[in-house]
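Overview (structure and organization)
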Amino acid sequence: MANLNQLTVHALQDLLRSGQVSPGEILTDCLSRIEQVENKVKAFITLTPELAKLQAEQAQAFLAAPSAGPQSPLAGIPMALKDNMCTKGVLTSCASKILHNFIPPYDGTMAEKLQQNHAIMVGKLNMDEFAMGSSTENSGFYPTANPWDLNRVPGGSSGGSAAAVAAEEVIFALGSDTGGSIRLPAAFCGVVGLKPTYGRVSRYGLVSYASSLDQIGPLTRDVTDCALVLNAIAGHDPRDATSAPVAVPDYTTFLKPDLKGMKVGIPREYLGAGLDPAVATVIQKAFRQLEELGAICEETSLPHTEYALPAYYLIATAEASSNLARYDGVRYGHRSDTADDIITMFNQTRAEGFGQEVKRRIMLGTYALSSGYYDAYYLKALKVRTLIKQDFDRAFEQYDLLVSPTAPNVAFKFGEKEDPLAMYLTDVCTIPVNLAGLPGISIPCGFAQGMPVGLQMIGRPFAEGTLLQAAYAYEQSTDWHRQKPELGVR
Ligand code: GLN
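**Observations regarding the environment of S135**
- Mapped onto the fold, S135 is located in the loop between β3 (120-125) and α5 (159-166).
- S135 gets classed as buried once you look at its relative accessible area, which sits at 0%.
- Residues S135 and A411, 276 residues apart in the sequence, show an inter-C-alpha distance of 8.5 Å.
- Not counting residues up to four positions away in its chain, the partners in contact with S135 are D128, V153, P154, G155, G156, F412 and M423.
- Among the polar contacts made by the side chain of S135, one reaches the side chain of E137 at a distance of 2.8 Å.

Dropping the structure here:
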């Protein structure tokens, strides 16, 4: 048998239920894998092996109890959380020096739900500082490497989440996605990543970056696992006013390998300039595969797409400048000890604690919101956001699903995108989806230059089921999700 750390949630679930393996054995395999590869991959900021062992014992007892009732498929499964989700008693740093010592006094809804499901948390995962970035190079601590080529980035900002799943250190992970931060690293690392509809999953206890865009979702080895994790984390939460009171279906009921008659739109703006020709070839092949499975694919247009990136970088930075005002050295996190008065203390704390990209965004956002510029930048960006949403609304009158590449290129080498604009352009295909609040998934669909390529599927609000159905049908007809990285340098 393969090492247990290499399996999926659903495969492990069968082994656990039939008593062939125990949560402790699965955990042991994950921890030894971490010991073996973590010095190369650096997916984690914090490891919690002692806590995990305790949770494995509890999961064991839960699974063995005859009265345990309906059992969660996540019981006994080792996983990890992006380091922007609050975990009681466990460092939650957002990969920022300003939160290098922040130990939350409470669990966010994600930590809580996963505990209720008896999943096992092995640690907290690396990311771009405050989720600002596309490569995990903006981590305030160290970058994470791509398991497919250790000289390349894993994508971002949930790079640790994608790398840990791809490197088989954990079975699944949670990430957050404000402009592509789940889907992009999923594509770069060859795993499945889902950004649910805005409001589908609670953000309580998620450290805010841009609150009108942020959404939590799963990173998994296959589509079935994605449905299982979404089942566990979706749903209304009274502690998050933006979480939607919409019933949660059993997402596994959508896992049918059938696309007959599904109407699929291919927005031409996502295949334009900037798309790596090798990626385009892989993507075109994936479109043909969808047709072979019975989907009716047609070219369509989302005419305001080119304005999504500039609108995003005004809206996201405006919200970030406000959200990040709370880091002042007073209540939590880093406090500069070189200042003699309070104003200097605020300034020094922020100067020492924030990295360059975070400072850039706070300045940009503050500028966009300031008197005299608000109308010209922030308000205009909000209007553009409405136009983008309307593009999607019109498309979904005709199509059940839209498909595109997840990113215009494969994972790049460290240091290759030093110009911030070049880095921002990595998210052209994912950002519009956040602006419109829609669900989007990235699934493995082949390789270009030896690196994984992701296929993005975009759905109507709360149509995660449709996404999972199409993703599952595609996945079951291909072998891409079974490919494993060698953890070497190409
Ligand atoms: N790369 C985008 C940004 O830097 C998106 C990040 C994210 O989704 N958190 O803002």
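So that's the structure; there's more coming.
**Here's the deal with the site of the ligand**
- The local shell around the ligand holds 15 residues, among which G179, S181, Y209, Y312 and D427 are the closest.
- One nitrogen or oxygen atom from the main chain of A131 is found 2.8 Å from a nitrogen atom belonging to the ligand.
- One of the side-chain N or O atoms of S134 is found 2.9 Å from a nitrogen atom in the ligand.
- Relative to its unbound accessible surface of 290 Å², the ligand loses 100% to contact with the protein.
- Tallied by class, the residues present in the shell around the ligand amount to five nonpolar, seven polar and three charged.

**Thoughts on the sheet that holds strand β4 (residues 172-177)**
- Taking strand neighbours across the sheet as the criterion, the eleven strands line up as β1-β3-β2-β4-β6-β5-β10-β11-β9-β7-β8 in an open arrangement whose pairing is mixed. Here the strands that pair on one side only, and so sit at the sheet edges, are β1 (44-47) and β8 (296-300). Taking each pair of neighbouring strands and ignoring which way they run, the sheet shows an average axis angle of 30°.
- Sheet topology places strand β9 (residues 401-405) next to strand β11 (residues 451-458); four bridges connect them, and they run antiparallel. Considered in β11, the bridge of V403 is made with M457.

**A few points about the packing of aromatic side chains**
- On inspection of all chains with the given rule, the structure shows 17 aromatic pairs.
- Consider the rings of Y327 and F354, whose centres lie 6.3 Å apart with planes at 90°: the pair is edge-to-face. Remark: F354 occurs in the loop between α10 (342-353) and α11 (356-369) and Y327 occurs in the loop between α9 (308-323) and α10; sequence separation between them is 27 residues.
- Judged by its relative accessible area of 4%, Y327 falls in the buried class.
- Among the aromatic residues, ring-to-ring pairing joins F102, F130, Y327, Y332 and F354 into one connected group.
- Here the basic side chain of K417 rests over the ring of F412, its NZ or CZ set 5.1 Å away from the ring centre.

**Structural notes on helix α4 (residues 109-116)**
- Of all the residues in α4, the buried ones are T109, M110, A111, K113 and L114.
- One or two residues past the end of α4 sits H118, with phi positive at roughly 60°.

**Section: the confidence of the model for the chain**
- Scored by pLDDT, the chain comes out at a mean of 97, with 99% of its residues at no less than 70.
- Within the chain, strand β2 (residues 78-82) carries the highest mean pLDDT (99), whereas helix α13 (residues 420-424) carries the lowest (95).

Cut-offs used in this document
Residue positions within a chain follow its written sequence, with the count starting from 1. For this predicted model, a pLDDT threshold of at least 70 governs which residues receive local features, and a threshold of 80 or more governs which side-chain atom pairs are given and counted, while totals over whole chains, interfaces and linings are taken from all residues. The side-chain figures draw on all heavy atoms in the structure; neither hydrogens nor water molecules are used. For helices the rule is a DSSP run of H or I covering at least 4 residues; for strands it is a run of E covering at least 2, with both sets numbered from the N terminus onward. The buried label goes to any residue with under 20% of its type's maximum accessible area, the exposed label to any with over 50%, and the partly exposed label to all in between, with areas taken from a 1.4 Å probe on protein chains only. Only heavy atoms matter for contacts: two residues are in contact if any of them lie within 4.5 Å across the pair. Polar contacts, as used here, are pairs of N or O atoms within 3.5 Å; protein pairs need one atom able to donate a hydrogen and one able to accept it. Residues neighboring in sequence count only if both atoms are side-chain atoms. Any residue with at least one heavy atom within 4 Å of a molecule or strand is counted as near it. For the accessible areas, the method is Shrake-Rupley and the probe is 1.4 Å, while residue cover comes only from the protein chains on display. Lys, Arg, Asp and Glu make up the charged group, whereas Ala, Val, Leu, Ile, Met, Phe, Trp, Tyr, Cys and Pro make up the nonpolar group; the residues left over, Gly among them, are polar. What makes two strands pair is DSSP finding at least two bridges between them. Angles run from 0 to 180 degrees between N-to-C directions of axes, and those axes are lines fitted to C-alpha atoms, restricted for helices to the stretch in contact. Ring pairs are drawn from Phe, Tyr and Trp, using the six-membered ring of Trp, whenever the two centres fall within 6.5 Å, and their geometry is named by plane angle: stacked under 30 degrees, edge-to-face over 60, tilted for the rest. Here, a charge over a ring is recorded when the distance from Lys NZ or Arg CZ to the ring centre is within 6 Å and its angle to the ring normal is within 35 degrees. You can read pLDDT as the predictor saying how much it trusts each residue, on a scale of 0 to 100.

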